[in-house]
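# Architecture and fold: a report
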Amino acid sequence: MDRNTDLSNEDLAVAVSEDDLVVRATIDRPEERNALNDAVIDGLLGAVAFADEGDARVFVIRGAEGTFCSGGDLSSMGDAFGADSMAYREQFSGLATLLERMVDASVLTVAAVEGYCLAGGLGLAAGCEFVLAHEEATFGTPEVDVGLFPAQAMATIMRAADEKAGLKLLFTGEFVDAAAARDIGLVTDVAAAGEFEADLDALVDELANNSPVLIELGKTAYYTQRDLGFGEALEYLREIITIIAMSDATEEGITAYLNDTTPDWKER
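Residues numbered from 1 in each chain as written. Predicted model: local features only at pLDDT ≥ 70, side-chain atom pairs only at ≥ 80, totals over all residues. Heavy atoms only, no water.

### Considering the overall build of the protein chain
Helix and strand counts for the protein chain come out as 10 helices and 10 strands. By the compact-globule yardstick of 18 Å for 268 residues, the protein chain fits well, its C-alpha radius of gyration being 19 Å. For the protein chain, the proportion of its 268 residues judged to be buried stands at 43%. Taking as baseline every contact in the protein chain between residues at least 6 positions apart, the subset at least 24 positions apart corresponds to 65%. Entry remark: accessible area of the protein chain is about 13700 Å², with carbon and sulfur atoms responsible for 51%. (Helix = DSSP H or I, 4+ residues; strand = E, 2+ residues; numbered from the N terminus. Rg over C-alpha atoms; globule rule 2.2 N^0.38 Å. Buried < 20%, exposed > 50% of the residue type's maximum accessible area, 1.4 Å probe, protein only. Contact = heavy atoms within 4.5 Å. Areas by Shrake-Rupley, 256 points an atom, 1.4 Å probe, with all protein chains shown as cover.)

### So, the pattern of salt bridges
Counted under the stated rule, the structure contains 9 salt bridges. With its nearest N and O atoms 2.9 Å apart, the salt bridge here joins Glu114 to Arg62. Of this pair, Glu114 sits in the loop between strand 5 (108–113) and strand 6 (116–118) while Arg62 is found in strand 4 (residues 58–63), placing the two residues 52 residues apart along the sequence. Here Glu114 matches Arg62 in class, with each residue buried. Here Lys168 ties to Glu174 by a salt bridge, and the two come within 3.8 Å at their closest N and O atoms. Its relative accessible area of 46% is what places Lys168 among the partly exposed residues. Among the charged side chains, a network of salt bridges with common partners joins Asp11, Arg29 and Asp73. (Salt bridge = Lys/Arg side-chain N within 4 Å of Asp/Glu carboxyl O.)

### A closer look at the sheet that holds strand 9 (residues 176–177)
In space, the 3 strands of this open sheet follow the order 6-8-9, with mixed pairing throughout. With partners counted over all chains shown, the strands left at the sheet margins are strand 6 and strand 9, one partner each. Note: strand 6 against strand 8 (residues 138–140), 3 bridges, orientation parallel. Looking across to strand 8, one finds that Tyr116 is bridged to Thr138. (Pairing = 2+ DSSP bridges.)

### Concerning unusual backbone geometry
In the Ramachandran plot, Arg33 falls in the positive-phi region, its phi being about 50° despite a non-glycine side chain. Note on placement: Arg33 falls in the loop between strand 3 (22–27) and helix 1 (38–53). Looking at Arg33, the relative accessible area reads 45%, which means it is partly exposed. Here Asp260, not a glycine, exhibits a phi torsion of approximately 55°, which is positive.

### Points about a negative patch on the surface
Taken together, the side chains of Asp28, Glu31, Glu32 and Glu65 make up a negatively charged region of the molecular surface. You can see Glu32 is positioned in the loop between strand 3 and helix 1. (Patch = residues over 30% accessible without salt bridge, like charges linked within 9 Å, V, L, I, M, F, W, Y side chains within 5 Å. Lys, Arg positive; Asp, Glu negative; His and termini not counted. Charge placed at Lys NZ, Arg CZ, Asp CG, Glu CD.)

### Looking at the packing of aromatic side chains
Summed over the entire model, instances satisfying the criterion amount to 3 aromatic pairs. Between Tyr116 and Phe175 the ring centres are 6.3 Å apart and the planes differ by 55°, which places this aromatic pair in the tilted class. Taken as a pair, Tyr116 in strand 6 and Phe175 in the loop between helix 5 (163–172) and strand 9 lie far apart in primary sequence, 59 residues in all. The class for Tyr116 is partly exposed, based on a relative accessible area of 29%. Residue classification places Phe175 among the partly exposed residues on the basis of a relative accessible area of 44%. (Phe/Tyr/Trp six-rings, centres within 6.5 Å; stacked < 30°, edge-to-face > 60°.)

Here you go:
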């Protein structure tokens with residue numbers, strides 16, 4: 001059973017599991033297909049910070065009433081028409097900041113995708129380490145149809161998707177289903193209708209049962225080595241595995257394995 005927190009606002013509901021290991025954030029603007037606005041972005045930033053600073057190991061993002069997120073709220077762009085470049089930069093800075101904070105946070109991020117996952121919403125999902133998609137989910141970048149290129153979303157989409165398939169998404173605005181999104185690298189797993197919630201709980205439980213040291217250092221290592229040359233990566237990762245192997249958490253895990261018991265992971 002999750003408990004609600006004071007991190008919620010009018011457009012975002014945030015709940016924490018009883019054991020504090022999982023933070024769940026639900027975008028709650030179903031009448032706007034859960035489009036991103038300042039309240040959603042600010043709420044997600046606060047929830048990610050809360051998860052990072054506490055005992056959480058997994059951070060889940062989803063949308064209310066069967067839609068993940070349709071991207072940025074285009075109606076808000078009308079307020080910026082005729083403004084200078086600084087106004088536009090400020091308007092677009094929120095998602096970029098959120099994606100950076102998600103990478104830096106010492107928790108594993110999971111996008112639980114139902115319905116539409118479009119534009120900046122696709123960028124948000126692709127910025128998560130794990131993406132579970134309902135078999136009827138739809139992915140795409142339709143903003144190209146109004147002349148807006150998915151520039152910020154491209155940073156996460158193209159780090160996840162096959163290059164040619166990703167470029168086709170970015171420049172055509174075509175929609176793809178969950179199976180196709182999985183095939184090109186945007187989705188981790190696809191859940192059959194009627195099994196989505198059970199599959200989501202199973203994935204979250206499996207991730208949350210990991211050592212917090214493994215999660216924090218393993219995630220940091222992944223993003224760091226990605227930008228290194230092969231030799232540099234091997235040298236860096238040798239140091240990472242040494243640190244992890246010497247940790248109390250690894251000693252606890254090996255001891256539990258040898259004694260056929262469940263490890264009692266401590267706080268990170």
